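# Geometric and topological summary
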Amino acid sequence: MKILIFLLVTVVICLFVFDFKYIFKGIRVVYLTGHTSPFIEDTSYFATRIVKTNSPQSLSLHKKYNKLKETYRLRKYHDKLGTAAFLVLKDGEILYENYADGFSKESETNSFSMAKSMTSALMFKAIEDGFIPSLDTPVKKYFSQLKGQYADKVTVGDLSSMASGLNWTEHYVSPFSVTARANYQEDIRSLILDLEIYEEPGKTFNYLSGATQLLGMVIEKATNKTLSGYLSESFWKPMRMTRNAKWQMDSVESGMEKAFCCIASNARDFAKWGLLWSNNGVMYGSQLLSKEHVNLATSARFKSSPQYGYGLWLSSYLGKEIHYMRGIQGQYVISIPEDDIVIVRLGHKRSKTDAEGYPGIDFSVYIDETYSMLQQLERKGA
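The model shown is predicted, which means the values in this text are computed figures rather than measured ones.

### Topic: the packing of helix α4 (residues 114-128) against helix α10 (residues 267-278)
Contact pair α4 / α10: the axes reach a minimum separation of 12 Å and the direction vectors enclose 50°. Compared by their axis directions, α4 and α10 come out oblique. The element α4 and its partner α10 pack so that their crossing is left-handed. Residues Met114, Ser117, Met118 and Ala121 of α4 lie in contact with α10, whose contacting residues are Phe270, Trp273 and Trp277. Here the contact of α4 with α10 is composed, by residue class, of 6 nonpolar, 1 polar and no charged.

Here it is in structure tokens:
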């Protein structure tokens, strides 16, 4: 027993000495709540800022609302991966929605990395509002202390398109990784500015949460607004979201939102983002983002990496132009503009991605089975 106590004390001391004390928060939030990884209901364990709405308006219900019947294969994957919400929009209206495991249309769950797409939307909005000159604006315009051999070269657009050259290792398992530190550390700005631009930016795709966090810092400084406040006035209010959202922060005092993740909202409001991208930036008759910027967001910057644009994932599955927002536990907002379909899936787990970031089989299952359900409905003449 004495040896065990000695070892525990030694470990605790080492964590403090080597500045790994953020791990204690990770243990408290994850393991002591019965989980082994970040989970969709973890928002209450973090400081948050409110993303306010006003004049809330629910999406219309389709005339065939909930007449679809889930396929066996879809139900199988819902059970296997712990789907909490599955929603399909057709022609801008809710055609189908289903909730499980105690969740409902009112339930808030963590967006995880779908927030990266929203942060890039804020970047485009800041350009349109005149706060940021262009995608080619050097990051050093806002952070002269940026470090590294290529610090002078990295641009705002490089951050959004995941071509930053930042020395960041995207690792979700190790508690000692910079990704874990960013999720639980109290001063995320200092963490980011301690890193270096050590590879030439603007050349190749490399998905890094740190790049989006630095982009958020640029937006915050250029607009002199909090990310939550700017998201509220630029999108949440004019999109007439049904509920306020919560954006996780690194701390309470003078804290910053985690730009790379963690906006808590519901399936219906997330679905509106799918409509915004599909409708060329128009929502309720207002042009919230220019068509030009939506086209940029939904087009691959690099031919060698056709899976990513500026803040959005891309796919040509089934020969269709598809763009989507994605989170680590299988959060998806999938837009298929040519068929006027948006699919939202929220839940506890996802299939594994490959080394290039392409999604696992769950992505194709949600699309395939949605089309199967639509075909069944057409055959029945419902």
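### Concerning the environment of tyrosine 198
Along the chain, tyrosine 198 falls in the loop between α7 (188-193) and α8 (209-223). Residues in contact with tyrosine 198, not counting those within four places in the same chain, are Tyr150, Gly165, Leu166 and Asn167.

### Focus: a nonpolar patch on the surface
A grouping of Ile27, Tyr31 and Leu32 is seen on the molecular surface, where their side chains present a nonpolar patch of about 330 Å² in accessible area. Here leucine 32 shows up in the loop between α2 (22-29) and β1 (48-51). Given the relative accessible area of 66%, leucine 32 is considered exposed.

### What about unusual backbone geometry?
Unlike most non-glycine residues, aspartate 91 shows phi in positive territory, near 55°. Note that aspartate 91 resides in the loop between β2 (83-90) and β3 (93-99). In this structure aspartate 91 comes out as partly exposed when scored by relative accessible area, which is 41%. Unlike most non-glycine residues, tyrosine 284 shows phi in positive territory, near 50°. When you line up the elements, tyrosine 284 lands in the loop between β7 (282-283) and β8 (286-287). Residue classification places tyrosine 284 among the partly exposed positions, given a relative accessible area of 29%.

The rules behind the values
Residues numbered from 1 in each chain as written. Predicted model: local features only at pLDDT ≥ 70, side-chain atom pairs only at ≥ 80, totals over all residues. Heavy atoms only, no water. Axes fitted to C-alpha atoms, helices over the stretch in contact; angles between N-to-C directions. Helix = DSSP H or I, 4+ residues; strand = E, 2+ residues; numbered from the N terminus. Parallel < 35°, antiparallel > 145°, perpendicular 65-115°, else oblique. Left-handed = near helix turned anticlockwise from the far one by under 90°. Contact = heavy atoms within 4.5 Å. Nonpolar A, V, L, I, M, F, W, Y, C, P; charged D, E, K, R; others polar. Patch = residues over 30% accessible without salt bridge, like charges linked within 9 Å, V, L, I, M, F, W, Y side chains within 5 Å. Areas by Shrake-Rupley, 256 points an atom, 1.4 Å probe, with all protein chains shown as cover. Salt bridge = Lys/Arg side-chain N within 4 Å of Asp/Glu carboxyl O. Buried < 20%, exposed > 50% of the residue type's maximum accessible area, 1.4 Å probe, protein only.

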